[in-house]
Amino acid sequence: LRGGYNNASTDRAATTYLMLVPYEFAEKGLALQADMIFNSNFPNEKFEKEKGIIIEEIGQQSNDIYSFAENYFDLKIMTSEGYSHPILGNKESILLMSRERLWYLYKEYYKPSNIIIKINGNFESAIVKILIEKYIGKGSDSKISGQPDFKKTNFDGTLYALNAKQIQLNYYSFALPAPGAKSEDTAAFLFLSNILNNRLNKYLKPNFPIPIMRISS
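The rules behind these values
- Residues numbered from 1 in each chain as written.
- Predicted model: local features only at pLDDT ≥ 70, side-chain atom pairs only at ≥ 80, totals over all residues.
- Heavy atoms only, no water.
- Core = buried A, V, L, I, M, F, W, Y, C linked by side-chain atoms within 4.5 Å.
- Buried < 20%, exposed > 50% of the residue type's maximum accessible area, 1.4 Å probe, protein only.
- Helix = DSSP H or I, 4+ residues; strand = E, 2+ residues; numbered from the N terminus.
- Contact = heavy atoms within 4.5 Å.
- Axes fitted to C-alpha atoms, helices over the stretch in contact; angles between N-to-C directions.
- Parallel < 35°, antiparallel > 145°, perpendicular 65-115°, else oblique.
- Left-handed = near helix turned anticlockwise from the far one by under 90°.
- Nonpolar A, V, L, I, M, F, W, Y, C, P; charged D, E, K, R; others polar.
- Expected span 1.5 Å × (residues − 1).
- Salt bridge = Lys/Arg side-chain N within 4 Å of Asp/Glu carboxyl O.

Caption draft 1: Region of the structure containing the nonpolar core. Of all hydrophobic cores here, the largest spans 8 residues; its members are L30, A34, I37, F38, V128, L131, I132 and I136. For this core, the secondary-structure elements that each account for two or more residues are α1 (26–38) and α6 (125–135). Sort the elements by how many residues they give to this core and α1 lands first, with 4 residues. Not counting residues within four places of it along the chain, the set of residues in contact with L131 comprises E27, L30 and I136.

Next comes the structure, spelled out in structure tokens:
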């Protein structure tokens with residue numbers, strides 16, 4: 001696809017796929033993205049190659065001080081099954097991963113009913129709706145199985161500290177119980193968290209007796 005750009009990223013709750021294309025190739029871009037999402041087949045030779053690439057990324061992340069500190073915080077605060085582990089996993093979990101298990105998860109979660117689509121650009125909404133139904137579907141497939149519960153977290157006032165020689169500066173993270181994603185209070189809570197982040201970094205970092213790299217809530 002001439003002039004197109006494709007990428008993906010994964011966080012704790014979702015994987016995001018991005019397709020950027022010129023206006024005249026909008027339908028082609030949507031068709032390609034849908035084909036990748038719903039019709040992947042994971043050949044054995046490429047599956048093993050990708051496992052090696054992920055292990056390399058894990059090694060690179062282990063040398064990233066920010067990721068090191070963030071993973072430790074998540075390990076302590078997130079008691080939910082799965083959410084306390086690094087997003088990339090670890091070397092052992094990748095080596096033990098089988099194509100059969102990946103295929104099961106792929107078929108379980110990669111369904112129209114489990115997808116949120118966001119489209120920006122110069123287009124007619126009615127036409128885009130038709131294209132989405134053509135290539136993605138109407139979301140009438142079976143529901144997915146349950147997911148880990150974010151509510152299972154440690155909010156007992158415990159202070160967790162990690163003394164690591166490779167961390168030259170200090171990282172401080174604060175966790176507060178938040179409303180659910182569908183709550184009417186969610187937007188206000190995110191706004192409050194933003195203010196807290198800005199004020200902590202603005203007023204606390206310059207006056208703290210020891211060097212601080214990052215403060216977040």
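So, next bit.
Caption draft 2: Layout of the packing of α1 against α6. The contact between α1 and α6 brings their axes to 10 Å, and the two run at 30 degrees. Considering the angle they form, α1 stands roughly parallel to α6. Pair α1 / α6 crosses with right-handed handedness. Taken together, the residues of α6 that come into contact with α1 (itself represented by E27, L30, A31, A34 and F38) are L131, I132, K134 and Y135. Partitioning the contact of α1 with α6 into residue classes produces 7 nonpolar, no polar and 2 charged.

Caption draft 3: Up close: α1. With 13 residues, α1 should reach 18 Å at 1.5 Å per residue; the first-to-last C-alpha distance of 18 Å fits that figure. Where α1 is buried, its residues touch β1 (5–10), β2 (15–20), α5 (99–109) and α6.

Caption draft 4: Region of the structure containing the pattern of salt bridges. Using the criterion set out here, one finds 2 salt bridges in the structure. Close ionic contact of K134 with E27 constitutes a salt bridge, the shortest N to O distance being 3.3 Å. With K134 in helix α6 and E27 in helix α1, this pair connects stretches of sequence that are 107 residues apart. Classification of K134 as exposed rests on a relative accessible area of 55%. As a salt-bridge pair, K51 and E48 come within 3.7 Å of each other at their nearest N and O atoms. Placement of the pair is K51 and E48 together in helix α2 (residues 44–62), with a separation of 3 residues, close to one helical turn. Note on K51: relative accessible area 8%, which makes it buried.

Coordinates in, geometry out; function isn't part of it.
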